[in-house]
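Inside the fold
The primary structure of each chain is shown beneath.
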Amino acid sequence: MLRLTEIKLPLDHAAEELPAAICQRLGIKAKDLLEVSIYRRGYDARRRSRILLVYTVDVSVANEAAVAKRLAGDRHVGPTPDMAYTFVAQAPGGLQERPVVIGMGPCGLFAGLILAQMGFKPIILERGKAVRERTKDTWGLWRQSKLNPESNVQFGEGGAGTFSDGKLHTQIKDPKFHGRKVLTEFVKAGAPEEILYVSKPHIGTFRLVGMVEEMRGNIEALGGEVRFQSRVADFDIADGQVRGVILADGSRIETRHVVLAVGHSARDTFKAIYDRGVYVEAKPFSVGVRIEHPQSLIDTARLGPNAGHPILGAADYKLVHHASNGRAAYSFCMCPGGTVVAATSEENRVVTNGMSQYSRNERNANSGIVVSISPEKDYPGHPLAGIDFQRYWESRAFEAGGGTYAAPAQRVGDFLAGRPSTACGSVEPSYKPGVHWTDLSQCLPDFVVEALREALPAFAKQIKGFAMDDAVMTAIETRTSSPIRIKRGDDFQSINTRGLYPAGEGAGYAGGILSAGVDGIKVAEAVALDMTGGTASG
Ligand code: FAD
């Protein structure tokens, strides 16, 4: 097959215009176009009054070799790459050892699934509860201000991304098409088929819950095992080799292969591995706020007369401003038509994040607006100091919110003018269990306040109305990525602990659902190769 890129057609084009454009590009007759499948569909909205759909397609044509030869110099035409997933190993019969995967977020889920598909019968240990029970606990915080520190937005089956927008795009390099394997498994588990071809796919919370359950069923059917409410509290490491893991109830599982996919909020686990001498280093992340605007304002600014078009859906944005204090302020995890959610996993702390349903039809758009921070400048001296930094500001946010898990909030007009807010304006905050109107400079580092005060008016030059007085800012967003990196070598094992495979977002090797899933696959392959005498290379 041939792959053609950059085929541009008007937003409301007729179905037959796509094959016609393909034939024109290839210089062939309609009868010679045998098969068309859309690999990717994005859009170009640089001219809002004339938005174009941009296709990448795979086609089968008569005399394919001759067509390919004739168009050899055309960078938009080439052979379709082989995207099929191939297993790197198969577990030999009678294998006694079982690999252990810690954490059942997207990284652990895919590590577990791939190991199970290769016959290694992994044991997955997840500190939180199965997804339906977890949903009730999560609502406990959102509706009744009751936090369960072991079962919440961060912890439990499906991991941090389960109550999310379910955005599935990533900018990682993926030469082996592992991302395709993730998307294909998601579709098998119930995700909409369009995630395979739209350029910015998303799933939404409701569907993710069912998909995670389905994937667990697949792992179990292949001989894998999933144990909930099984927090790994300690690690048995001797002579630089993992020998097993110890659970919070004191029980022990022996294994020489441990995938550590615990996410960015497993602060106690980070301490446990650090205390056991595993090499850990501090890494940069970002802190800031969630901002909410009417979705209609974002749609109009981004899509003009095409706002609300069903193909385009609710509009998103991506913004960056380099502030004069040397910090970058940028939008993070934008959730069109969604809600701001309470995302703490620790008592007496407030953390914000965003989620949406597949329909993305809530009234407000929300996004993190965050400012980059680094160990050298902001939390020097200890590999785990970023965690102390997060805890300090999350506690300040809890206090500023009135000490009830309400989030401190301020209207943008008041924030820019440096005065506290006392009530909401035209934009109603969506955060549950509610907000407390105040002055956010109490619970944000000064350099973040400075950078945000400069960034918001700058963003308004790109999105008209972005700095509107009534837009709502809710604090604090601290869990943008892991505050540490658990360094691994080319064989995917910790650089000083054999058999320990740091993986996913918590280890500093992914940022988002898709990249965490991809990392889970890579690490599963490395484990399988090691268990069968092969070698992996990163
Ligand atoms: P996690 O998903 O964090 O999973 C880690 C798992 O390990 C957890 O289930 C945890 O309970 C478990 N665990 C931790 N410690 C232990 C232990 N000691 N023993 C046993 N189990 C343990 N990303 C996107 O790409 N798109 C989005 O739209 C999006 N929206 C988000 C919305 C919200 C509200 C949140 C919180 C995150 C969102 N993200 C989104 C980020 C995304 O969820 C993460 O990047 C992704 O989940 C990371 O995957 P992971 O498997 O590495 O870690």
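Small disclaimer: the values here were computed from a predicted structure and weren't measured.

Turning our attention to the overall build of the protein chain. Summing up its helical and strand segments, the protein chain has 13 helices and 23 strands in all. Along the three orthogonal principal directions, the C-alpha set of the protein chain runs to about 70 × 65 × 40 Å. Per-residue burial for the protein chain yields a buried fraction of 47% across its 538 residues. Contacts in the protein chain between residues at least 24 apart in sequence constitute 72% of all its contacts with a sequence separation of at least 6.

Orientation of helix H3 (residues 106-117) relative to helix H13 (residues 513-531), taken along the N-to-C sense of each, is 40 degrees, at an axis distance of 7 Å. Here the hand of the crossing between H3 and H13 comes out right-handed. Taking contact as the criterion, the partners of Pro-106, Cys-107, Gly-108, Leu-109, Phe-110, Ala-111, Ile-114 and Leu-115 in H3 are, on H13, Ile-513, Ala-516, Gly-517, Asp-519, Gly-520, Ile-521, Val-523, Ala-524, Glu-525, Val-527 and Ala-528. Classifying every residue of the contact of H3 with H13 by side-chain character gives 14 nonpolar, three polar and two charged.

Counting all residues, the mean pLDDT for the protein chain is 96, and 99% of those residues have values of 70 or more. Scoring the predicted complex yields pTM 0.96 and, for the interface, ipTM 0.99.

Let us now look at the sheet that holds strand E11 (residues 258-260). What the five strands build is an open sheet, ordered E7-E6-E5-E11-E23; its pairing is parallel. Here the strands that pair on one side only, and so sit at the sheet edges, are strand E7 (225-227) and strand E23 (500-502). Recorded for the sheet is a direction-independent mean angle of 20 degrees between the axes of neighbouring strands. Examined bridge by bridge, strand E6 (residues 123-125) and E7 share three bridges and lie parallel to one another. From the neighbouring strand, Ile-124 faces E7, where its bridge partner is Val-226.

Take the domain arrangement of the protein chain next. Domain assignment breaks the protein chain into domain 1 (2-79), domain 2 (100-281 + 484-531) and domain 3 (284-477). Relative placement of domain 1 and domain 3: their C-alpha centres are 40 Å apart. With six residues of domain 1 at the interface, the matching set in domain 3 holds eight residues. Tallied by class, residues from the side of domain 1 that touches domain 3 come to four nonpolar, one polar and one charged.

It is worth spelling out the pairing of strand E19 (residues 407-411) at this point. Across the five residues that make up E19, a large majority, five, are buried. Of the two faces of E19, both are covered, the one formed by Ala-407, Ala-409 and Arg-411 as well as the one formed by Pro-408 and Gln-410. Taken together, the three bridges between E19 and strand E20 (residues 435-437) define a ladder with parallel strand orientation. Opposite Pro-408, over in E20, you have His-436 as the bridge partner. Bridging between E19 and strand E21 (residues 472-477) involves three bridges; their strand directions are antiparallel.

Surveying the vicinity of the ligand reveals 45 residues, the closest of which are Gly-103, Gly-105, Gly-159, Gly-263 and Gly-504. Contributing elements (two or more residues each) for the shell around the ligand: H3, strand E17 (352-355) and H13. Considering only residue class, the shell around the ligand consists of 21 nonpolar, 18 polar and six charged. Looking at which domains feed residues into the shell around the ligand, each of domain 2 (100-281 + 484-531) and domain 3 (284-477) supplies at least three.

On to the pairing of E17. Sheet faces and side chains relate simply in a regular strand, where the side chains alternate between the two faces. The alternating pattern of E17 places Thr-352 and Gly-354 on one face and Asn-353 and Met-355 on the opposite face, and all of these are buried. Here strand E16 (residues 339-342) runs beside E17; their pairing, made up of four bridges, is antiparallel. Paired with Val-340 across the bridge in E17 is Gly-354.

Moving on, we come to the sheet that holds strand E8 (residues 232-238). With antiparallel pairing, three strands are arranged side by side in an open sheet as E8-E9-E10. The open sheet has two free edges, formed respectively by E8 and strand E10 (252-254), since each of these has just one partner strand. Going across the sheet, the axis of each strand differs from the next one's by a mean of 25 degrees, ignoring polarity. Pairing between E8 and strand E9 (residues 241-247): six bridges, direction antiparallel. Paired with Ala-238 across the strands is Gln-241, a residue of E9.

About the cut-offs
Position labels on residues start from 1 in each chain and follow its written sequence. The predicted origin of the model limits local features to residues at a pLDDT of at least 70 and limits the giving and counting of side-chain atom pairs to 80 or more, whereas totals for whole chains, interfaces and linings rest on all residues. In DSSP terms, a helix is any run of H or I states spanning at least four residues, a strand is any run of E spanning at least two, and both are numbered starting from the N terminus. Backbone-placed C-beta atoms define the burial measure: a residue is buried with 20 or more other C-beta atoms within 10 Å of its own, exposed with 12 or fewer, and partly exposed in between. Any residue pair is listed as a contact if its two C-beta atoms, each placed from the backbone, are within 7 Å. Fitted lines through C-alpha atoms give the axes, limited to the stretch in contact for helices. The angle between two N-to-C directions lies from 0 to 180 degrees. By definition, any crossing whose near helix is turned counterclockwise from its far helix by less than a right angle is left-handed, and any crossing with a clockwise turn is right-handed. Following the grouping adopted for this structure description, the nonpolar residues are Ala, Val, Leu, Ile, Met, Phe, Trp, Tyr, Cys and Pro, the charged ones are Asp, Glu, Lys and Arg, and the polar ones are all others, Gly among them. The score called pLDDT rates the predictor's confidence residue by residue, from a low of 0 to a high of 100. Between any two strands, at least two bridges found by DSSP are needed for them to pair. All the domain ranges listed were derived from an automatic or database domain assignment. Working rule for contacts: place C-beta from the backbone, and if it is within 6 Å of a molecule or strand, that residue counts as near it.

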